[in-house]
Amino acid sequence: MRGLRSIPLALTCALPLALPAQEPEPVARPPGVVTVDIEDLTAEIRTILDENGIPGASIALVDRDRTIWAGGVGKADVATGVDVTADHLFRVGSISKSFTSLAVLRAVEGGLLDLDTPVRVLAPEVGFSNRWEETHPVTVATVMEHTAGFDDIHFREFAKVDDPGITLFEGLAYNPNSRISRWRPGTHMSYSNSGPAIAAYIVEKLTGGNFEDYVREQVFDPLRMENSTFRLPDDPALLAKGYGADGVTEANYDHIILRPSGALNTSAAEMARYLRMMINRGTLDGVRLLAPETITRMETPTTTLAARAGFTYGYGLGNRALIVNGHVFHGHGGGITGFSSRSAYSSDLGVGFFVSVNRPSGGIGDIWNLLAERLTEGFEKPPGAVAALSDEELRAMTGTYQNVTPRLQLTYVLSRFFDIRRVTLEEGKLFIQGIGGDRKRELVPVTAKSFRYEDEPVASVFSVVDEDGHQVRQAGPNDRRVSAVWPAFQLSAAGTTLALLISAPLFALVWVPARFLGRMKTIPLRTLLLPLLATLALAVSFISFILPFAVGGVSEAFGKFSGVSFGIFVGSLGFVALTALSLYVSFRSPAAETGRFVRLHGRLVSLACTVALIYLWSHGLIGLRTWAY
């Protein structure tokens, strides 16, 4: 069947160039020797929860043949004092994508679907824009691997959380403006929550039912995940409460509009079954859910430039490669209001683990590291491959690299100045470091085009050339090599513009008291006031933009009509009008009337406002209505 044929064909194209050099020989322990002191582990997790103000955690540890531990630490409900158990449902956010992918792959194996089919063919009613559609169509594979070039969903989509009955098609139709291919599909990976939902809708359309029922029949029931659900559970008592930053205030239960991408509620006990199935390459307790080659396809990227060059490390179908305590694992993480989660497994080692906490916190990283250490203890860390390259070959990788694929294009207005890395050659070794003073890390060559970090066993950084002839470093972020002068020019231009803008309110500290004291009366007020007002209008818009990131509530502030979103809109339009007036007045006022210094300062500030205006307009920020974006 066509759907089945697409999996081995994709893998055949992706594997040959990379596997011999990348994959170390795993050192596995005999089955049944994975032992963990649960009592001691529980005590350490409880300490982490207390130190980070996290009410509770759901934990699962498995090996190939059994659940080592599925349980909880802390509270599922702070108000009632209910302890977390193995059966409490936690909201696992984007881990949902792993289950959506399993369901889609069941449809592929059943002959209903081919991953390489264009979305336009299967679901022309789903709105998106791709100017390369004739030569580089958006396919089921590209939306699932996040290589369609779409933005992540926009603010109004994140903010729409009040309609539990919304259908998947209605959710996709709510804001198709977020689905515009920014580069040729099938070249760069950039995370977008709309992609898996599109694939889920296609399955829904092909099967004639709703996706949640299909996942229940094809995934949850065979795995005996009886309570897992993309909707509110039938028994509300099973659902752990999520909490805000204080660990006490209950978080809202968000009814997100693209459920296949992030709405799953599941438990430690049921995640343990999923992890064991993945470890055993599609089989659980003698029941086969998917063929081994289908699991391999799920783990393998095929649509990036690096994947087409034969490299297999990266994001596949709802599944990404991870380095866990020096070993290669696969899995996914997730976050949703009130919860943060991570899962990972290794078929080579035969182990896997899951953790979810009911208050988003950096403490989950501490628990993750603790579980990884305990579960991989006794496994020898594999040595990484090393290619003997000349300085000339290594020098081909050096240069200045700038990220060109932001997750949300609006953020590029600022991130382009700082998301920059330099690769240097020092005493025969390659090093990479961000311009912000990030930790310098050695890049060890595995092949002439693939590199691993010194403390990792496989290559995760790849040097490729895009269709426009640009050298690109693909390593999660997609960085294009640029002239070393370009970032310095950008920063100096931005710094000069910002300094001039700041000078307007600083100068006001001089002329406002002076005029109050009867001085500078001969200078027309408009000459002094307009540059200041233009700068203040920009400040209003900027402060409105950054305030929610500082105090919280980003989706609510931006995704709905609010004081913040209105401030961004009005501030930017006021900035346009006042910049135009300031520019006109500063260049029309005679020197005798204003004084040489005041006129020069007014002109410079007006020109800085003009530069800022053009830059912001080119990034779509002038007149931006975030509640409709």
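These numbers come from a predicted model, not from an experiment.

A few points about the overall build of the chain
Moving on, step 1. In terms of regular secondary structure, the chain is built from 22 helices and 19 strands.
Moving on, step 2. Against the 2.2 N^0.38 benchmark of 25 Å for 629 residues, the chain shows a C-alpha radius of gyration of 27 Å, consistent with a compact globule.
Moving on, step 3. Across its three principal axes, the chain shows a C-alpha extent of roughly 90 × 65 × 55 Å.
Moving on, step 4. Here the chain holds 629 residues, and the buried ones make up 55% of them.
Moving on, step 5. For the chain, the proportion of contacts with a sequence separation of at least 24, taken over those separated by at least 6, is 69%.
Moving on, step 6. Here the chain has roughly 26100 Å² of accessible surface; of this, 58% comes from carbon and sulfur atoms.

Quick notes on empty space enclosed by the protein
Moving on, step 1. In the structure shown here, the tally under the stated rule is 2 cavities of 30 Å³ or more.
Moving on, step 2. Of the voids in this model, the largest cavity is the one considered here, and its volume is about 70 Å³.
Moving on, step 3. Forming the walls of the largest cavity are Ala504, Phe507, Trp511, Thr527, Leu528, Pro531, Leu532, Val598, His601 and Gly602.
Moving on, step 4. Here the lining of the largest cavity is composed, by residue class, of 7 nonpolar, 3 polar and no charged.
Moving on, step 5. Here the second largest cavity defines a volume of roughly 30 Å³.
Moving on, step 6. Thr142, Val143, His146, Thr147, Ala148, Phe150, Ser190, Ser192 and Gly195 are the residues that line the second largest cavity.
Moving on, step 7. Class assignment for the residues of the lining of the second largest cavity results in 3 nonpolar, 6 polar and no charged.

Regarding helix H20 (residues 563–588)
Moving on, step 1. Helix length check: H20, at 26 residues, gives a terminal C-alpha distance of 36 Å against a target of 38 Å (1.5 Å per residue), a fit within 8%.
Moving on, step 2. Looking at H20, one finds that the buried residues are Val564, Ser565, Gly567, Ile568, Gly571, Ser572, Phe575, Leu578, Thr579, Ser582, Val585 and Ser586.
Moving on, step 3. Turning to H20, the residues buried within the fold contact helix H18 (525–551), helix H19 (554–559) and helix H22 (596–618).

What about the packing of helix H4 (residues 96–109) against helix H11 (residues 268–279)?
The angle between the axes and the distance between the axes are what describe a pair of packed helices.
Moving on, step 1. Relative to each other, H4 and H11 sit at 55 degrees, their axes nearing to 13 Å. As far as their axial angle goes, H11 and H4 are oblique. H11 is crossed by H4, and the crossing has left-handed handedness. Each of Ser98, Phe99 and Leu102 in H4 lies in contact with H11, whose residues at this interface are Met271, Tyr274, Met277 and Met278.
Moving on, step 2. When grouped by side-chain class, the residues that make up the contact of H4 with H11 number 6 nonpolar, 1 polar and no charged.

Quick notes on the nonpolar core
Moving on, step 1. Ranked by internal contacts, the top residues of the largest apolar core, which has 72 residues, are Phe99, Leu102, Leu113, Leu115, Val143, Tyr274 and Met277.
Moving on, step 2. Tallying contributions element by element places H11 first for this core, with 8 residues.
Moving on, step 3. Beyond its immediate stretch of four places on either side in the chain, leucine 102 contacts Val219, Tyr274, Met277, Met278, Leu290 and Met298.
Moving on, step 4. Membership of the second largest hydrophobic core comes to 30 residues, among which are Ile59, Val324, Ala344 and Phe379.

Structural notes on the pairing of strand E19 (residues 478–482)
Moving on, step 1. Across 4 bridges, the pairing between strand E12 (residues 399–403) and E19 is antiparallel. Bridge pairing links asparagine 403 to aspartate 479 in E19.
Moving on, step 2. Taken together, the 3 bridges between strand E18 (residues 471–474) and E19 define a ladder with antiparallel strand orientation. Bridge pairing links glutamine 474 to asparagine 478 in E19.

Focus: the sheet that holds strand E17 (residues 461–465)
Moving on, step 1. The 8 strands lie next to each other as E12-E13-E14-E15-E16-E17-E18-E19, forming a closed barrel whose pairing is antiparallel. Each neighbouring strand pair of the sheet contributes to a mean axis angle of 30 degrees, computed without reference to strand direction.
Moving on, step 2. Of the pairings in the sheet, the one linking strand E13 (residues 420–426) to strand E14 (residues 429–434) comprises 6 bridges and is antiparallel in character. In the strand pairing of E14, arginine 421 is matched with glycine 434.
Moving on, step 3. Sitting on the sheet, helix H17 (residues 485–516) touches E12, E13 and E19, and the angle it makes with E12 is about 55 degrees.

Quick look at the confidence of the model for the chain
Any region with low pLDDT has predicted coordinates that should not be read closely.
Moving on, step 1. Summary statistics for the chain give a mean pLDDT of 92 and a share of 94% for residues scoring 70 or more.
Moving on, step 2. Segment residues 1–6: pLDDT under 50, and 14 contacts once partners within four positions in sequence are set aside and those in other chains are kept.
Moving on, step 3. The low-confidence segment residues 8–23 (pLDDT under 50) makes 36 contacts with residues lying over four places distant or belonging to another chain.

A closer look at unusual backbone geometry
Moving on, step 1. Located in the positive-phi region is aspartate 285, a residue other than glycine, with phi close to 50 degrees.
Moving on, step 2. Its location among the elements puts aspartate 285 in the loop between strand E6 (283–284) and strand E7 (287–288).
Moving on, step 3. The class of aspartate 285 is partly exposed, set by a relative accessible area of 46%.

Quick notes on the rules
- Residue indices begin from 1 for each chain and proceed along its sequence in written order.
- Per-residue local features are limited, in this predicted model, to residues with pLDDT of at least 70; the limit for side-chain atom pairs, both in listing and counting, is 80 or more; totals at the level of whole chains, interfaces and linings are taken over all residues.
- The basis for every side-chain value is the complete set of non-hydrogen atoms in the structure, without hydrogens or water.
- Helix and strand labels come from DSSP, where a helix needs a run of H or I of at least four residues and a strand needs a run of E of at least two; each type is numbered from the N terminus.
- In this description the radius of gyration comes from C-alpha coordinates, and the expected globular size is given by 2.2 Å times residues to the power 0.38.
- Using a 1.4 Å probe on the protein chains alone, a residue whose accessible area is under 20% of its type maximum counts as buried, one over 50% counts as exposed, and one in between counts as partly exposed.
- Every residue pair with non-hydrogen atoms within 4.5 Å of one another is taken to be in contact.
- Per-residue accessibility takes into account occlusion by the displayed protein chains alone, with areas from the Shrake-Rupley method and a 1.4 Å probe.
- A cavity here means a set of 1 Å grid points, computed over protein atoms only, where a 1.4 Å probe fits but cannot escape. A pocket is an open set with protein on both sides within 12 Å along at least 5 of 7 lines, and lining residues have an atom within 4 Å of a point.
- Grid points are joined across faces, edges and corners, and a volume is the space filled by probe spheres set on the points.
- Following the grouping adopted for this structure description, the nonpolar residues are Ala, Val, Leu, Ile, Met, Phe, Trp, Tyr, Cys and Pro, the charged ones are Asp, Glu, Lys and Arg, and the polar ones are all others, Gly among them.
- Here, expected helix span is obtained from the residue count minus one, scaled by 1.5 Å.
- Orientation is described by axes fitted as lines to C-alpha atoms, over the contacting stretch for helices, and by angles from 0 to 180 degrees between their N-to-C directions.
- Should an angle lie under 35 degrees it is considered roughly parallel, over 145 roughly antiparallel, and from 65 to 115 roughly perpendicular; all remaining angles are considered oblique.
- By convention, the crossing between two helices is left-handed when the near helix turns anticlockwise from the far helix through less than a right angle, and right-handed when the turn is clockwise.
- By nonpolar core we mean a set of buried residues, namely Ala, Val, Leu, Ile, Met, Phe, Trp, Tyr and Cys, connected to one another through side-chain atoms within 4.5 Å.
- Only when DSSP finds a minimum of two bridges between them are two strands counted as paired.
- For every residue, the predictor assigns a confidence score, pLDDT, that lies between 0 and 100.

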